[in-house]
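# Topology and contacts: notes
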Amino acid sequence: MATRKFFLEESELPTHWYNIAADLKNPPAPPLHPGTHGPIGPADLAPLFPMELIKQEVSTERFIEIPEPVREILKIWRPAPLIRATFLEKALDTPAHIYYKYEGVSPSGSHKPNTAVAQAYYNKLEGVKRIATETGAGQWGSSLAFACKLFDIECKVYMVRISYNQKPYRRSMMRVWGGSVVASPSDETNAGRQVLGEDPESNGSLGIAISEAVEDAAMREDTKYSLGSVLNHVLIHQTVIGQEAMKQMEMAGEYPDVVIGCAGGGSNAAGLLFPFLRDRLDGKTKTRFLAVEPSSCPSLTKGEYRYDFGDVAGLTPLMKMYTLGHTFMPPGIHAGGLRYHAMAPMLCHLYDEGYIEAKAYPQNPCFEAATLFAQTEGIIPAPESSHAIRGAIDEALAAKAAGEKKVILFNLSGHGLLDLQAYDDYLAGNLVDDHYPAEKVQEAMRHLPVI
């Protein structure tokens, strides 16, 4: 019988984060100032982020040391297990070997604390008393509330309204850890009030919630802003996932032919993909890399590669991303963490260079895949992770059709135990497959800045 679980000792937790910027032949386009459209400098970011995170954002060092206090906290749940999905393989009757890195073992049940702890630590070093942030499905908000509590920092979360209503127990988690959470758009910021003035019933979006959190931080001297995905320093912090997985795949005696992650902002996909992608950049492997996104918010597969704001109000730096337009309002799918109009600039750059592939799926096929996974492997996945599972299953079925043995690795970025309403809706046949809303995207693209 094949070995199913591969564990590392605490002593094998990575000592450094990996920064893929060091290994790129062509660097990505730089972020630009939202007002002048000139290159942005550290002083422009200082009102929002502590200086150590700003340095990481622009760093080209290959490895950045993980501070010992951060490593000690990560040991609460890391190293995370790598598991071979033998029962899923059997159900699919595939010759493929399917492995998943399981990030649902963290306190908040997702990969998000990997960067939340690091960000809270660097803010604490700079004397920050309060952090404002946004959250889509709530995994990031709960993770940051947990991290802030450990470092005695006040945490304010603007939670996308559709998820605020769909996922009440995510709110409860934030509050247990001392965080304060409001539905976004809210009446607490100018950005929120403007949206509510135009649409009092707005479901909200990550772009709106980001605007509110950035405005909150900019208006208070005791507050910094924290982002759970998209930015380089966030992706760097998540590379503990892939570094651990590389050691564990070696323990399994295999190397992946394809590595898969769901993609909304890009952090969990980058965290798993980038350490393996280093071997591809070095010419050592021909491994494929796949980012899977929702067809209702398909920034990689249907977006344009242009400079755009990361938020609705246009408060963030301009970043070159695959975007659907910063004013685009995604449909209210259950995978709230993937409802973002754009994607991490670094991941977009690698997609544009041809190193990463992308697929988009509607939510019913994803929940079908998640349900099969739960019925075979026992873990109920987060709706976001279901996209990676759908991608992995389709790769395994393609291997079966071709009669090929293929090694597939995907990131199970979190559990779905607080997303059971989504499963109820799926099992009752009430999930709607929202597809690419072309007219809404075309309208949003008219509002992109001209660079």
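To be clear, the structure that these remarks concern was listed above.
Quick summary incoming for the structure in this document.

## Looking at the overall build of the chain
Check the secondary structure of the chain and you find 19 helices and 15 strands. On C-alpha atoms alone, the chain measures out to a radius of gyration of 20 Å, which is about the 22 Å that the 2.2 N^0.38 rule sets for 451 residues. By principal-axis analysis of the C-alpha atoms, the chain measures approximately 60 × 50 × 45 Å. In the chain, buried positions account for 64% of the 451 residues. Sequence-distant contacts in the chain: of pairs separated by 6 or more residues, those separated by 24 or more amount to 77%. Only carbon and sulfur atoms are counted for the fraction: they give 51% of the accessible area of the chain, which is about 16500 Å². Of note, the chain has its 42 positive side-chain charges centred 3 Å away from the centre of its 54 negative side-chain charges.

## Things to note about unusual backbone geometry
Apart from glycine, the bulk of residues carry a negative phi angle, and the bulk of peptide bonds sit in the trans form. For the bond from R78 to P79, the omega torsion is -5 degrees, close enough to zero to count as cis. Along the chain, P79 falls in the loop between α3 (68-74) and β4 (82-84). Cis rather than trans, the peptide bond between S184 and P185 has omega equal to 10 degrees. In this fold, P185 is placed in the loop between β8 (180-184) and α9 (190-198). Positive phi outside glycine occurs at H37, with the angle close to 65 degrees. Take H37: it is sitting in the loop between β2 (16-18) and α1 (42-45). We note that D152 has phi near 55 degrees; this positive angle belongs to a residue other than glycine. Of note, D152 is situated in the loop between α6 (139-150) and β7 (154-160). Given a relative accessible area of 64%, D152 falls into the exposed group.

## Section: the sheet that holds strand β5 (residues 97-102)
Strand order across the open sheet formed by seven strands is β1-β4-β5-β15-β10-β11-β14, with mixed pairing between neighbours. Looking at the sheet topology across the chains shown, the edges are occupied by β1 (5-6) and β14 (357-361). The sheet contact formed by β4 and β5 spans three bridges and is antiparallel. Residue L82 lies in a different strand from β5, and its bridge partner there is K101. Along the sheet, helix α17 (residues 383-402) makes contact with β5, β10 (258-262), β11 (288-294), β14 and β15 (407-412), crossing β10 at roughly 150 degrees.

## Quick word on the pattern of salt bridges
This structure, assessed with the given rule, holds 25 salt bridges. Among the ionic pairs, R278 bridges to D23, the shortest N-O distance being 3.7 Å. You can see R278 sitting in helix α13 (residues 267-281) and its partner D23 sitting in the loop between β2 and α1, a full 255 residues away along the chain. Given the relative accessible area of 26%, R278 is considered partly exposed. With relative accessibility at 13%, the residue D23 sits in the buried group. With a closest N to O distance of 2.9 Å, E357 and R288 form a salt bridge. Placement of the pair is E357 in strand β14 and R288 in strand β11, with a sequence separation of 69 residues.

## A look at the packing of α13 against helix α15 (residues 345-352)
Two quantities define a packed helix pair, namely the angle between the helix axes and the distance between the axes. In contact at an axis separation of 11 Å, α13 and α15 are set at 50 degrees when each is read in the N-to-C sense. In terms of axis orientation, α13 runs oblique to α15. Helix-helix and strand crossings are classified by hand; for α13 and α15 the assignment is left-handed. Between α13 and α15, the residues in contact are A269, A270, F274 and L277 and M346, L347 and L350, respectively. Here the contact of α13 with α15 is composed, by residue class, of seven nonpolar, no polar and no charged.

How each quantity is defined
Residues numbered from 1 in each chain as written. Predicted model: local features only at pLDDT ≥ 70, side-chain atom pairs only at ≥ 80, totals over all residues. Heavy atoms only, no water. Helix = DSSP H or I, 4+ residues; strand = E, 2+ residues; numbered from the N terminus. Rg over C-alpha atoms; globule rule 2.2 N^0.38 Å. Buried < 20%, exposed > 50% of the residue type's maximum accessible area, 1.4 Å probe, protein only. Contact = heavy atoms within 4.5 Å. Areas by Shrake-Rupley, 256 points an atom, 1.4 Å probe, with all protein chains shown as cover. Lys, Arg positive; Asp, Glu negative; His and termini not counted. Charge placed at Lys NZ, Arg CZ, Asp CG, Glu CD. Pairing = 2+ DSSP bridges. Axes fitted to C-alpha atoms, helices over the stretch in contact; angles between N-to-C directions. Salt bridge = Lys/Arg side-chain N within 4 Å of Asp/Glu carboxyl O. Parallel < 35°, antiparallel > 145°, perpendicular 65-115°, else oblique. Left-handed = near helix turned anticlockwise from the far one by under 90°. Nonpolar A, V, L, I, M, F, W, Y, C, P; charged D, E, K, R; others polar.

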